[in-house]
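Survey of secondary and tertiary structure
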Amino acid sequence: LTYCLLFEDVSVIIVLMQEVTATSRHYVDRLFDPDPQKVLQGVIDMKNAVIGNNKQKANLIVLGAVPRLLYLLQQSSSSLELRTECSVVLGSLAMGTENNIKSLVDCHIIPALLQGLLCPDLIFIEACLRCLRTVFISPVTPVQLLYTDSTVIPHLMSLLSRSQRTQEYITQIFSHCCKTPEHQTVLFNHGAIQNIAPLLISPSYKVRMQALKCFSVLAYENTQVSMTLVNVLVDGELLSQVFVRMMQRDQPIEMQLTAAKCLTYMCRAGAIRTDDSCVVLKTLPCLVRMCSKEHLLEERVEGAETLAYLMEPDVELQRIASTTDHLVAMLADYFKYPSSVSAITDIKRLDHDLKHAHELRQAAFKLYASLGSNDEDIRKKITETENMMDRIVSGLSESSIKVRLAAVRCLHSLSRSVQQLRTSFHDHAVWKPLMKLLQNAPDEVLVMASSTLCNLLLEFSPSKEPILESGVIELLCSLTQSDSPALRVNGIWALMNMAFQADQKVKGEIVRCLGTEQLFRLLSDPDTNVLMKTLGLLRNLLSTRPHIDQIMSSHGKQIMQAVTLILEAEHSIEVKEQTLCILANIADGNTAKELIMTNDDMLQKIKYYMGHSNVKLQLAATFCISNLIWNEEDGSQERQDKLREMGFVDILHKLTQASDPNLSDRAKTAMQQYLA
């Protein structure tokens, strides 16, 4: 009996499918009728059949309805009514699944609809724009298709004045298709600002909203657009004031948020000062308000992320935000969401929010990172928020890469605090999940995690010892070979911190693991930051006499060669100063100093830098000589005699009269070695 029932069920399904396909086939066949009136009626019937029916939409696409509809749409012999109905059906098909959109794009729907916009009939233009809007707002549509033909954007601008519908659809197309600085420039150059600004006071809410979204994507990280927006007047009122009005509490949340984003982006682009009242008294409080639990999940996420971006570079805004509406405590709720199922009566909403709860955690970590990036008191407030360190540790191993990145960014921000490194970081052993994260992560996570590790390896951090014991040196040395300059910097920076006041065993392990070849490759790295940190590492390795002598006895020739190359090349003052400091360290060794004394070319270079126009370089070079002639050391008399013959005493004498007190003191100290 069971088998029989199953068989019957399958038969019923097959019959039903055949019926659906047959019906769909009938709709497509009618598109080929020789009678234009029957074709029109067929398209209208098809329109009614596909509304809200994804199965029917998919069938019609598979059966080849799209090429025929596009053909009818483009035929000048087709009536305007037929062409309009075709674009309506195509728009309805586009509202189905992403696969539907892909099929439509593959059939070249976009060029056909853009061509349709050249028709003078407004109703047809609106139908084409509505369909284009539906296609372009899909994530699977390549936005570049809007920019392929250079006549399209100016033509769309000219259609903005035709009706409220053209305004709504065109601005929505622009805001979805403006993804790169190049897109911003194209729209800007074709008059987007002056054409769209008047729409902000349109009687239609939809038009106002889409125009506002347009300005948010145009202004994002764009100084040219932002600087222009500041001076725009809309009906005699400054644009920034229009945005401020749109942030008022009586406006819809979507409008408040988008207006706050516009002002945030203008502020970050340098068009509005961070202490301007529209930022401090309007934008910042509006964004803090969006973080409260009465708002929808996506509003809370967008509010927190925009606020994090607004105050990222400004410590004063961070301080104001941290004391506004108990923000630090409010963000803790982002980790408890949804706290009770009963609070969300809409099952669909609950299902959506459970799937997207990780976005709240990501946003909270981002905002905490921004809040705590400068101020010690705020960092303390964050770490003392309930279970905060545990939440960060959990975040480091979440499945979502975005949450992991935001959590490590938050950890990095807090790791700038000496107090937190000594307390919370040590108590929660955060170095363990951090090390785990470093084993296998994408570059953007690696950059942030290795930056944090640099701070954990500072000499006052209790985590330094256990990290050393975990075999981190090999990992850091491998980072120095990365193609990413940021990773090379962090790898070498962490090694530099590790080598600071380290014992000979650790220093030897660094040199052995890094290898002299890689060390010298880093000394000729095109990235100045990498070079500076490598010089810093070398300087830390060459500290304390036994270490200096030991390293110089095995690698002296290559190190002196590298120093020579840097001093002779075109480098910044900072690079040359660091290099001369390394030379001063070598000059402090017992046996190592002979590598300088037997190298007349190097002594001439030191002489040159003692007479340089930059005080920092003079000071570092004088330090070298001071170490070479120090009285209490073996062979000091011979070294003093040689340097006197080379004219160093005259230079030192001259430097004792230098206007810089540090330089004259250093020269006097050196001169005393000759007088003693």
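Predicted model only: the values in this text are computed from it and were never measured.

What counts and what doesn't
Residues numbered from 1 in each chain as written. Predicted model: local features only at pLDDT ≥ 70, side-chain atom pairs only at ≥ 80, totals over all residues. Heavy atoms only, no water. UniProt positions renumbered as here; feature names shortened; annotations may be inferred. Helix = DSSP H or I, 4+ residues; strand = E, 2+ residues; numbered from the N terminus. Domains from an automatic or database assignment. Axes fitted to C-alpha atoms, helices over the stretch in contact; angles between N-to-C directions. Parallel < 35°, antiparallel > 145°, perpendicular 65-115°, else oblique. Left-handed = near helix turned anticlockwise from the far one by under 90°. Contact = heavy atoms within 4.5 Å. Nonpolar A, V, L, I, M, F, W, Y, C, P; charged D, E, K, R; others polar. Buried < 20%, exposed > 50% of the residue type's maximum accessible area, 1.4 Å probe, protein only.

UniProt tags residues 64–100 and 514–556 as "repeat: ARM" (unreviewed entry). The span residues 64–100 is 76% helical and 0% strand by assignment, and the distance between its end C-alpha atoms comes to 12 Å. End-to-end, the C-alpha atoms of residues 514–556 are 16 Å apart, and along that stretch the chain is 79% helix and 0% strand.

Time to look at the domain arrangement of the chain. Interfaces are frequently sized by the accessible area removed from exposure as the parts join. According to the domain assignment, the chain consists of domain 1 (1–141), domain 2 (471–541) and domain 3 (562–675). In this structure, domain 1 and domain 3 have C-alpha centres spaced 83 Å apart.

This part is about the packing of helix α4 (residues 65–74) against helix α7 (residues 109–116). Packed helix pairs are characterised by how far apart their axes lie and by the angle those axes make with each other. Taken N-terminus to C-terminus, the directions of α4 and α7 make an angle of 20 degrees; their axes are 10 Å apart at the nearest point. Classified by the angle between their axes, α4 and α7 sit roughly parallel to one another. As α4 packs across α7, the resulting crossing turns out to be left-handed. Residue-level inspection shows Leu-70, Leu-73 and Gln-74 of α4 in contact with α7, the latter providing Ile-109, Ala-112 and Leu-113. Residue composition of the contact of α4 with α7, by class: five nonpolar, one polar and no charged.

Attention shifts here to the packing of helix α2 (residues 36–50) against helix α5 (residues 80–94). Where α2 meets α5, the closest approach of the two axes is 9 Å, and the angle between their N-to-C directions is 25 degrees. What the angle tells us is that α2 and α5 run roughly parallel. Along this stretch, α2 crosses α5, giving a crossing that reads as left-handed. Together, Val-39, Leu-40, Val-43, Ile-44, Met-46, Lys-47 and Val-50 of α2 and Glu-81, Leu-82, Glu-85, Cys-86, Val-88, Val-89, Ser-92 and Leu-93 of α5 make up the contact between the two elements. Along the lines of polarity and charge, the residues of the contact of α2 with α5 split into eleven nonpolar, one polar and three charged.

A few words now on unusual backbone geometry. One non-glycine residue, His-108, adopts positive backbone phi at about 65 degrees. Locating His-108 in the fold gives a position in the loop between α6 (98–106) and α7. Owing to a relative accessible area of 55%, His-108 belongs among the exposed residues under this scheme. With phi around 50 degrees, His-326 is a residue other than glycine that occupies positive phi space. Following the sequence through the fold, His-326 ends up in the loop between α19 (315–322) and α20 (327–332). Exposure remark for His-326: the relative accessible area of 65% places this residue in the exposed category.

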